[in-house]
Amino acid sequence: MKHSVYLTPMPVRIWHWLNAFGIVTLIITGLQIRFPEYINVFGTYKAAIRLHDTAGIVVSISYVLWLVYYLFVAGTLAKLYVPTTEDIRHGLFRQAFFYFFNYFVGRDNPHHSTPESKFNPLQKVTYLMIMVVLLPLVIFSGFMLMYIAPLRELILMVGGIKTLVGVHFLLACCFCAFLFIHIYLATLGHTPLEHFKQMWDGWEEEEVQEKLASGDSSGTTH
Ligand code: HEM
């Protein structure tokens, strides 16, 4: 039988799609800025830079909203995003084995999302790295590139403008790689669109055994 679990509250969904739209805009404008001789999507070089800067500000503001929500409103950042020792010891391997092998022979996903444990161990590690390390770094390096003159001293301290541009570009490449894997893995639900629907309306549907369905189930269900 099927039941639905309310997994993703509205503020997180709004943050997620704003952030996704912002990052995709940053990637496309960034490509034009980096390779102007090959890519021209937004007309002039100047227009690409202006849009890149604006998208960067949108992503930065939405990041602060995400952080404030998870730290102070929901208070669930550590519980949802930080992997446990068990996750590191066995969970990561179990989940990777599911994605690389068990999924293709029709076995069940070892992780079942609940509002208290929304992410599998691989998601926890990846999302934690993305949200707590890579996103702040790309935002910080982006701001340094936006304000080169006032932040001159700081830029020299981190190795100069060339190093900064290189680091910003490498971080952007990490985001591109993450995005491809993220979207592919998001299609591996019971149906290809299940996780996308969940990220849109908050509710995830899952198959449960009769015994589980009649007993206690954590979180709001319908
Ligand atoms: C077009 C781009 C994107 C699509 C289609 C997409 C899709 C999804 C979907 C379907 C989910 C829910 C299922 C899951 O957890 O895997 C999700 C969750 C998530 N995505 Fe994305 N995503 C995109 C871009 C991004 C970007 C750019 C980032 C980070 C920089 C990101 C970070 C996250 C995080 C942290 C979650 C978990 C949110 C939470 O419930 O707290 N996504 N995404």
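Before any of the text, the structure's been laid out above.
Residues numbered from 1 in each chain as written. Predicted model: local features only at pLDDT ≥ 70, side-chain atom pairs only at ≥ 80, totals over all residues. Heavy atoms only, no water.

Caption draft 1: Geometry of the coordination of the iron atom of the ligand. Protein coordination of the iron atom of the ligand is provided by His16 (NE2) and His182 (NE2), with donor distances spanning 2.0 Å. Taken together, the 6 donor atoms surrounding the iron atom of the ligand define angles of 84 to 180 degrees at the centre, an arrangement classified as octahedral. Of this pair, His16 sits in helix H1 (residues 10-34) while His182 sits in helix H7 (residues 161-186); the two residues are 166 residues apart in sequence, bridging distant segments of the chain. The exposure classification of His16 matches that of His182, with both residues buried. (Donors = N, O, S within 2.8 Å, 3.2 Å for Na, K, Ca; no water. Tetrahedral: all angles 85-135°; square planar, octahedral: opposite > 155°, others 65-115°. Helix = DSSP H or I, 4+ residues; strand = E, 2+ residues; numbered from the N terminus. Buried < 20%, exposed > 50% of the residue type's maximum accessible area, 1.4 Å probe, protein only.)

Caption draft 2: How the structure looks around the site of the ligand. Taken together, 25 residues sit near the ligand, with His16, Tyr70, Tyr81, Lys118 and His182 positioned nearest. Interatomic distance of 2.7 Å between a side-chain N/O atom of His16 and a nitrogen atom of the ligand. In the environment of the ligand, an oxygen atom lies 2.5 Å from a nitrogen or oxygen atom belonging to the side chain of Tyr70. Those elements giving two or more residues to the shell around the ligand turn out to be H1, helix H5 (121-146), H7 and helix H8 (194-201). (Near = heavy atom within 4 Å. Polar contact = N/O pair within 3.5 Å; in protein donor to acceptor, adjacent residues only side chain to side chain.)

Caption draft 3: Geometry of the packing of aromatic side chains. Per the stated rule, a full pass over the model turns up 17 aromatic pairs. Considering the side-chain rings of Tyr63 and Trp66, the 5.6 Å spacing of their centres and the 20 degrees angle between planes classify their relative orientation as stacked. Residue Tyr63 and its partner Trp66 are both found in helix H2 (residues 45-73); the two are separated by 3 residues, about one turn of the helix. The residues Tyr63 and Trp66 share a single accessibility class, namely buried. Measuring from ring centre to ring centre gives 5.5 Å for Trp66 and Tyr81, while their planes differ by 80 degrees; the resulting arrangement is edge-to-face. You can see Trp66 sitting in helix H2 and its partner Tyr81 sitting in helix H3 (residues 77-81), a full 15 residues away along the chain. (Phe/Tyr/Trp six-rings, centres within 6.5 Å; stacked < 30°, edge-to-face > 60°.)

Caption draft 4: Here's a closer look at the packing of H5 against H7. At a closest axis distance of 10 Å, the pairing of H5 and H7 adopts a crossing angle of 145 degrees. Of the two elements, H5 crosses H7, and the hand of that crossing is left-handed. Two secondary-structure elements touch here, H5 through Thr126, Tyr127, Ile130, Leu134, Leu135, Leu137, Val138, Ser141, Gly142, Met144 and Leu145 and H7 through Ile161, Leu164, Val165, His168, Leu171, Cys174, Phe175, Phe178 and His182. (Axes fitted to C-alpha atoms, helices over the stretch in contact; angles between N-to-C directions. Left-handed = near helix turned anticlockwise from the far one by under 90°. Contact = heavy atoms within 4.5 Å.)

Caption draft 5: Focus on the pattern of salt bridges. In this structure the tally under the stated criterion is 4 salt bridges. Put simply, Glu153 and Arg152 hold a salt bridge, and the shortest N to O gap is 3.8 Å. A relative accessible area of 57% places Glu153 in the exposed class. (Salt bridge = Lys/Arg side-chain N within 4 Å of Asp/Glu carboxyl O.)

Caption draft 6: A look at a nonpolar patch on the surface. Together, Val64, Val68, Leu71, Phe72 and Val73 give the surface a local cluster of nonpolar side chains, amounting to about 500 Å² of exposed area. If you trace the backbone, Phe72 turns up in helix H2. (Patch = residues over 30% accessible without salt bridge, like charges linked within 9 Å, V, L, I, M, F, W, Y side chains within 5 Å. Areas by Shrake-Rupley, 256 points an atom, 1.4 Å probe, with all protein chains shown as cover.)

Caption draft 7: The side chain of Gln95, seen in detail. Summarising the element assignment, Gln95 is placed in helix H4 (residues 85-100). Note on Gln95: relative accessible area 1%, which makes it buried. Within the structure, the side chain of Gln95 is placed 3.2 Å from the side chain of Asn109, a separation counted as a polar contact. Not counting the four nearest positions on each side in its chain, Gln95 is found in contact with Asn109, Pro110, His111, Asn120, Pro121 and Leu122.

Caption draft 8: Local environment of H2. With 29 residues, H2 should reach 42 Å at 1.5 Å per residue; the first-to-last C-alpha distance of 41 Å fits that figure. Buried within H2 we find Ala48, His52, Ala55, Gly56, Val59, Ser60, Ser62, Tyr63, Trp66, Tyr69 and Tyr70. Summarising the contacts, the buried residues of H2 are in contact with H1, H3, H5 and H7. One or two residues past the end of H2 sits Gly75, with phi positive at roughly 65 degrees. (Expected span 1.5 Å × (residues − 1).)

Caption draft 9: Inspection of the nonpolar core at higher detail. Residues Trp66, Tyr70, Tyr81, Met131, Leu135 and Phe175 are the most contacted members of the largest nonpolar core, which totals 25 residues. Elements supplying a minimum of two residues to this core: H1, H2, H3, H5 and H7. When residues of this core are assigned to their parent elements, the largest contribution, 7 residues, is made by H5. When near neighbours in sequence (up to four residues on either side) are disregarded, Tyr81 contacts Trp66, Tyr70, Thr76, Phe119, Lys124, Tyr127, Leu128 and Met131. (Core = buried A, V, L, I, M, F, W, Y, C linked by side-chain atoms within 4.5 Å.)

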